[in-house]
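Below are the chains, spelled out letter by letter.
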Amino acid sequence: MSEGKALEIVAQTSRSKRLKFFKLSILAILVVGIGLLARPAWHILWTHNKDVADRQPTPAGFIDDASAMNETPINEVWEVPDVVEDAEQQLQELFVLAKEKGLKVSIAGARHSMGGHSIAPGGIVIDMLPFRSMSYDEDSELLTIQSGAIWHDVIEYLEGFDRSVAIMQSNDSFSVGGSISVNCHGWQFGKPPIASTVESFRLLQASGKIVTCSRDENQELFSHVLGGYGLFGVILNVQLQTVPNRRYQVDRFIVPTIDALTTFDQQVTDRPEVEMVYARMETSAKNFLNETLIYVLSHDPSADGTFPELKEKGLVGLRRSVFRGSINSEYGKRLRWDAETSLQPSVSPTHYSRNQLLSEGVETFENRTATTTDILHEYFVPRQSLAVFVQDLQRIIPQYNNDLLNVTVRFVEEDHDTVLRYADQQMFCFVMLFNQARTQAADEEMQRMTEELIDAVLQREGRYYLPYRLHATKEQFHRAYPQAKQFFAVKRQYDPDELFTNAFYLKYGHE
Ligand SMILES: Cc1cc2nc3c(=O)[nH]c(=O)nc-3n(C[C@H](O)[C@H](O)[C@H](O)COP(=O)(O)OP(=O)(O)OC[C@H]3O[C@@H](n4cnc5c(N)ncnc54)[C@H](O)[C@@H]3O)c2cc1C
């Protein structure tokens, strides 16, 4: 064999070795890649397949709320007409009729409160949702809106004026009337609850009289109706402040929970460009509440004017499956956390418009099953109690059989507008979503845990939020809201026949 031929054979052999090595590497990468992806993909597909909506509709003659634990017999659901004059006149007639028949009346928006706050047992439930028109005045920058309107529609409307909602919840599925009646708050940074953005509203009282309430006119009613759980009358239309729809840059910080406050101080406090902030804590048993992911959204003036069209958020199905796959699954909880902390930062946009951020409906995560439900809790703690309250949560929650799916932490400034206020000082808010069975035993277990959590938060000079399950004892309620006795006395001055009633009032309204 010639020397040239021998060299060619050696070259061919080494080429084929390289090719073989390359093929094996690709195969190995594929095997490892498929191995890594197979489990999450399988978990998400499996969750997607078993995510059925098999809950029975509420039977005729009954009504329920978002808890799916409050099925209550009622006399009727009465829909408000959408024309103002008709609505006002027919409501006045309805009140007369209800009094004649000895029926109580409750007022319902989207019924996302969870303790029968929108339900008068055996009574008439006024459905405000058809009452939803709105108009924006460019000079005053105020939105005048009927109280049955849902934030989703408000955001779409304000988008046309480059404006946005000043303060609202983290989801857009709630009505304006329901939101101001619980005095909601959101993740708008450095702001008090929503009452601070209400200029005025018109109220239809039990007597049939319509009054305008503001900081200057009928001030007593103003401060009792906001956060007043529908006990003073029907809020007809509201004047709300608005803010510009700006473009925000998102920054994410993943930190051990013990360092979260330091990060918060460095990245948020005293930075005027920061407009929205919230944090999420890890819920897997392995690392329960030990890691925190802080989202900081700051105004980026250079990006203003480059708004993408406001449209439905993408990947709702995938996000829903990742979330619902965390229920009763340690693997699912870790997968969700890893996706949010490792994957999301590299695949998500760096900028959002304010309206985009606010446009998120509850459909991304809501429970639709017949056998289980998801229950919200919320606790407010002052800054000095933050670390010790996290330890309380870490100690108390694992003792119970309730599955904690989500914890977000927000910040709310002191409320100077309402009487039944939870933010009687600056507060950090822990919003927690638990999954439980729809059984009495599970409800009792949830009640025991809630009572223990409320005791803990009260010991830390905090408060708990009122629109959820009525699991607080009367004694706990009055410790958290010492002003409540006076609040209910004022309610009875304006509504001596107690026409406006709901399950919340029935539980806590009397000695
Ligand atoms: C998934 C989920 C997420 C949430 N996130 C947040 C959050 O981020 N921040 C927060 O603060 N809260 C939050 N909440 C609580 C929420 O803000 C309240 O439950 C709010 O009341 C929902 O509005 P709604 O239209 O469903 O009110 P409803 O439940 O229908 O009514 C609530 C109360 O308002 C009264 N009411 C309603 N309309 C009127 C009216 N026109 N006139 C007089 N009274 C009226 C009712 O009688 C009732 O007492 C959340 C709730 C859920 C279920």
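Throughout this document, residue positions are counted from 1 along each chain, in the order its sequence is written. It should be noted that, the model being predicted, local features are given only for residues of pLDDT at least 70 and side-chain atom pairs only at 80 or more, the latter also being counted only at that level, while totals for whole chains, interfaces and linings use all residues. With hydrogens and water set aside, each side-chain value is computed from the structure's full complement of heavy atoms.

Novice: So what exactly am I meant to see when it comes to the nonpolar core here?
Specialist: Nonpolar side chains in soluble globular proteins tend to end up buried together. Side-chain atoms within 4.5 Å are what join buried Ala, Val, Leu, Ile, Met, Phe, Trp, Tyr and Cys residues into a set we call a nonpolar core. Categorising residues by exposure relies on relative accessible area from a 1.4 Å probe, with only protein chains included: less than 20% of the type maximum marks a residue as buried, more than 50% marks it as exposed, and the intermediate range marks it as partly exposed. Residues Val154, Phe201, Phe430 and Phe504 are the most contacted members of the largest nonpolar core, which totals 112 residues. At 7 residues, helix H11 (residues 440-459) tops the list of elements feeding residues into this core. One finds Ala87, Leu91, Ala98 and Leu499 within the second-largest nonpolar core, a separate group that totals 20 residues. Counting from the N terminus, the helices are the DSSP runs of H or I reaching at least four residues and the strands are the DSSP runs of E reaching at least two.

Novice: Please clarify how the sheet that holds strand E5 (residues 124-127) should be interpreted in this entry.
Specialist: Strands pair in a sheet through their backbones, by hydrogen bonds, and they do so in one of two ways: parallel or antiparallel. By this definition, two strands are paired if DSSP reports at least two bridges between them. Read across the open sheet, the 3 strands follow the order E3-E5-E4; overall the sheet is parallel. The outermost strands of the open sheet, each flanked by one partner alone, are strand E3 (76-79) and strand E4 (105-108). Neighbour-to-neighbour, the strand axes of the sheet open up by a mean angle of 30 degrees, direction not taken into account. Examined bridge by bridge, E3 and E5 share 4 bridges and lie parallel to one another. Note on E5: the bridge partner recorded for Val77 is Val125. Between N-to-C directions, angles cover 0 to 180 degrees, with each direction set by a line fitted to C-alpha atoms, over the stretch in contact for helices.

Novice: What is the right way to read the layout of surface pockets from this model?
Specialist: Vacant regions in the atomic arrangement are exposed by a probe of water-molecule size rolled over the atoms. By volume, the second largest pocket amounts to about 440 Å³. As for the second largest pocket, its lining consists of 23 residues, of which Thr257, Ala260, Leu261, Leu386 and Val390 are closest to the centre. Listed by contribution, the elements that provide at least two residues to the lining of the second largest pocket are helix H6 (260-267), strand E13 (274-281), strand E14 (291-299), helix H10 (386-396), strand E17 (403-412) and strand E18 (427-437). Looking at which element gives the most residues to the lining of the second largest pocket, the answer is H10, with 5 residues. Under the scheme applied here, ten amino acids are nonpolar (Ala, Val, Leu, Ile, Met, Phe, Trp, Tyr, Cys and Pro), four are charged (Asp, Glu, Lys and Arg), and all others, including Gly, are polar. When the residues that make up the lining of the second largest pocket are grouped by side-chain class, the tally is 16 nonpolar, 6 polar and 1 charged. Cavity: a set of points on a 1 Å grid over the protein atoms alone where a 1.4 Å probe fits but cannot get out. Pocket: an open set with protein on both sides within 12 Å along at least five of seven lines, its lining residues, like those of a cavity, having an atom within 4 Å of a point. Grid points are joined across faces, edges and corners, and a volume is the space filled by probe spheres set on the points.

Novice: What is the right way to look at the site of the ligand in this model?
Specialist: Put simply, a residue is near a molecule or strand once any heavy atom of it comes within 4 Å of that molecule or strand. In the region of the ligand, 35 residues are neighbours, and Ile107, Gly109, Ser113, Ser175 and Tyr465 sit closest. Throughout this description, a polar contact denotes any pair of N or O atoms lying within 3.5 Å of each other; where both atoms belong to protein, one of them has to be capable of donating a hydrogen while the other can accept it, and for residues adjacent in sequence the pair is counted only when both atoms sit in side chains. Ser113 has a polar side-chain atom sitting 2.5 Å from an oxygen atom of the ligand. One nitrogen or oxygen atom from the side chain of Ser147 is found 2.9 Å from a nitrogen atom belonging to the ligand. Each accessible area is a Shrake-Rupley estimate made with a 1.4 Å probe; only the visible protein chains count as cover when residues are assessed. Its free accessible area being 960 Å², the ligand has 98% of it covered by the protein chains. Listing elements by their share of the shell around the ligand, those giving two or more residues are E4, helix H4 (176-182) and strand E11 (234-244). With 4 residues, H4 is the single largest residue contributor to the shell around the ligand. Tallied by class, residues from the shell around the ligand come to 17 nonpolar, 16 polar and 2 charged.

Novice: Before we go on, may I ask you to explain the side chain of Arg460 in this structure?
Specialist: For Arg460, the position within the fold is in the loop between H11 and strand E19 (463-464). A polar contact of 2.8 Å, which involves the side chain of Arg460, links it to the side chain of Asp392. Contact definition: two residues touch when any of their heavy atoms are within 4.5 Å. Residues in contact with Arg460, not counting those within four places in the same chain, are Pro382, Ser385, Val388, Phe389 and Asp392.

Novice: Help me understand a nonpolar patch on the surface, please; the structure alone is not making it clear to me.
Specialist: On the surface, a nonpolar cluster with roughly 490 Å² of combined accessible area is contributed by Leu19, Phe22, Ile26, Leu30 and Ile34. Checked against the element boundaries, Leu30 lands in helix H1 (residues 3-50). Look at Leu30 and you get partly exposed, because its relative accessible area is 46%. For patches, a residue must show more than 30% relative accessible area and have no salt bridge; joins then use 9 Å for like charges and 5 Å for nonpolar side chains, namely Val, Leu, Ile, Met, Phe, Trp and Tyr. We count a salt bridge whenever a side-chain nitrogen from Lys or Arg sits within 4 Å of a carboxyl oxygen from Asp or Glu.

Novice: Is there a simple way to explain unusual backbone geometry in this structure?
Specialist: Where the residue is not glycine, phi is negative for most of them; where a peptide bond is considered, it is trans in most cases. If you check the backbone angles, Ala68 has positive phi at about 55 degrees while not being a glycine. Counting through the fold element by element, Ala68 comes out in the loop between strand E1 (62-63) and strand E2 (72-73). For Asn218, which is not glycine, the phi torsion reads 45 degrees and is therefore positive. Structurally, Asn218 can be placed in the loop between strand E10 (210-214) and helix H5 (219-225).

Novice: Can you help me understand empty space enclosed by the protein in this one?
Specialist: Counting across every chain of the model gives 3 cavities of 30 Å³ or more. If you add up the space inside the largest cavity, you get close to 100 Å³. Where the lining of the largest cavity is concerned, the elements lending two or more residues are strand E16 (372-381) and H11. Top contributing element to the lining of the largest cavity by residue count: E16, with 4 residues. Residues of the lining of the largest cavity, tallied by class, amount to 6 nonpolar, 3 polar and 2 charged.

Novice: Would you mind going over the domain arrangement of the chain with me for this structure?
Specialist: When the parts come together, some accessible area is lost, and that loss is often what is quoted as the size of the interface. The source of the domain bounds is an automatic or database domain assignment. What the domain assignment reports for the chain is domain 1 (1-50) and domain 2 (251-472). The C-alpha-based centres of domain 1 and domain 2 are spaced at 43 Å. Contacts between the two partners involve 6 residues from domain 1 and, on the opposite side, 9 residues from domain 2. The term buried area means the drop in 1.4 Å probe accessible area that two parts suffer when joined, counted for both and summed. For the pair domain 1 and domain 2, the summed buried area comes to about 670 Å², and 71% of that belongs to carbon and sulfur atoms. When residues of domain 1 are sorted by the area they lose upon contact with domain 2, His43, Ile44 and Thr47 head the list and together hold 64% of the total. On the surface where domain 1 and domain 2 come into contact, there are 0 salt bridges. The interface formed by domain 1 and domain 2 includes 1 residue pair in polar contact (both at pLDDT 80 or more). Considering only residue class, the side of domain 1 that touches domain 2 consists of 2 nonpolar, 3 polar and 1 charged.

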